[in-house]
Structures are given as C-alpha cells and as structure tokens.
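Each chain is listed here by its residues.
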Amino acid sequence: VQLVESGGGLVQPGGSLRLSCAASGFTFSSYAMRWYRQAPGKERELVAGISSGGGSTNYADSVKGRFTISRDNAKNTVYLQMNSLKPEDTAVYYCNALRGYNAYWGQGIQVTVAS
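No experiment lies behind these values; they were computed from the predicted model shown. (Residues numbered from 1 in each chain as written. Predicted model: local features only at pLDDT ≥ 70, side-chain atom pairs only at ≥ 80, totals over all residues. Heavy atoms only, no water.)

Considering the side chain of arginine 71
Thought 1: Tracing the backbone shows arginine 71 in strand β7 (residues 67-72).
Thought 2: Of the buried charged residues, arginine 71 lacks a salt bridge, with aspartate 72 as the closest side chain of opposite charge at 8.3 Å.
Thought 3: Of note is the side chain of arginine 71, whose polar atom sits 2.8 Å from the backbone oxygen of tyrosine 31.
Thought 4: A distance of 3.3 Å separates the side chain of arginine 71 from the backbone oxygen of serine 52, its partner in a polar contact.
Thought 5: In this structure arginine 71 touches Phe28, Ser29, Tyr31, Ala32, Met33, Ile50, Ser51, Ser52, Gly54, Thr77, Val78 and Tyr79, once residues within four positions along its chain are discounted. (Helix = DSSP H or I, 4+ residues; strand = E, 2+ residues; numbered from the N terminus. Buried < 20%, exposed > 50% of the residue type's maximum accessible area, 1.4 Å probe, protein only. Lys, Arg positive; Asp, Glu negative; His and termini not counted. Salt bridge = Lys/Arg side-chain N within 4 Å of Asp/Glu carboxyl O. Polar contact = N/O pair within 3.5 Å; in protein donor to acceptor, adjacent residues only side chain to side chain. Contact = heavy atoms within 4.5 Å.)

Details of the state of the cysteines
Thought 1: Following the criterion strictly, the structure yields 1 disulfide and no others.
Thought 2: At a sulfur-sulfur separation of 2.1 Å, the disulfide partner of cysteine 21 is cysteine 95. Since a negative S-S torsion denotes a left-handed disulfide, the cysteine 21-cysteine 95 link at about -80° is left-handed. Of this pair, cysteine 21 sits in strand β3 (residues 17-24) while cysteine 95 sits in strand β9 (residues 91-99), and the two are 74 residues apart along the sequence.
Thought 3: For cysteine 21, a relative accessible area of 0% translates into the label buried. (Disulfide = S-S within 2.5 Å.)

Okay, here's the thing in structure tokens:
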C-alpha cells in the first residue's frame, strides 16, 4: 500500500497550491479519503474529507470556502485545491485512506505560506 503526496512547497499569502495524493496497493474507490495537517507544536487535525464515490465532502471550519477536496477514482488520486492561503495554513499535510478499521497514511508533504 502506498499513498504518495505531491504539490507542496512555499507560497505567498493569498496564493494557491494543489496537493495530489496518488494511491496504490488497495481498492481506492472503496475508501473514503481525507487530508490532515500538522503544524509544529500542534496536534494533527482533519482538514477535508471525501466519500468513496466523491458525492460527499466535509471541511474544517478554518478552510471552508478556501479549500476543495476532490478525487478521480480512475486515476486513484485525491486532490486538495488550496486557495487564499494564509500563514496559519503552514503545516505538513497528510493523505489518509479510511475504510472501516483499515487506515493508510502518506508520508506527508510540507506546505509553507510566507512572504
């Protein structure tokens, strides 16, 4: 099983980034997918989630209206479009796959919002 995040980096406040998470080794279309983040000295928090079929999404209040989660089951990939980025969005972002008691994690990718 692999979850590989990409698309992170350094961006100025107000800018945008699109994270991708490519999955392999399991039946991607059967799993709900989530993005979490962890800032230095803080607990890991749920940022956004999407159902296995893509018909249902949810977001943390702090990112509602700015971030959009989506998935392409044909490509085994989940995305996180991040707009209007703020310095407080700086964190390591993790991709998570969840089905029942099965959960898989990516290695994480750094997102830094700074001028």
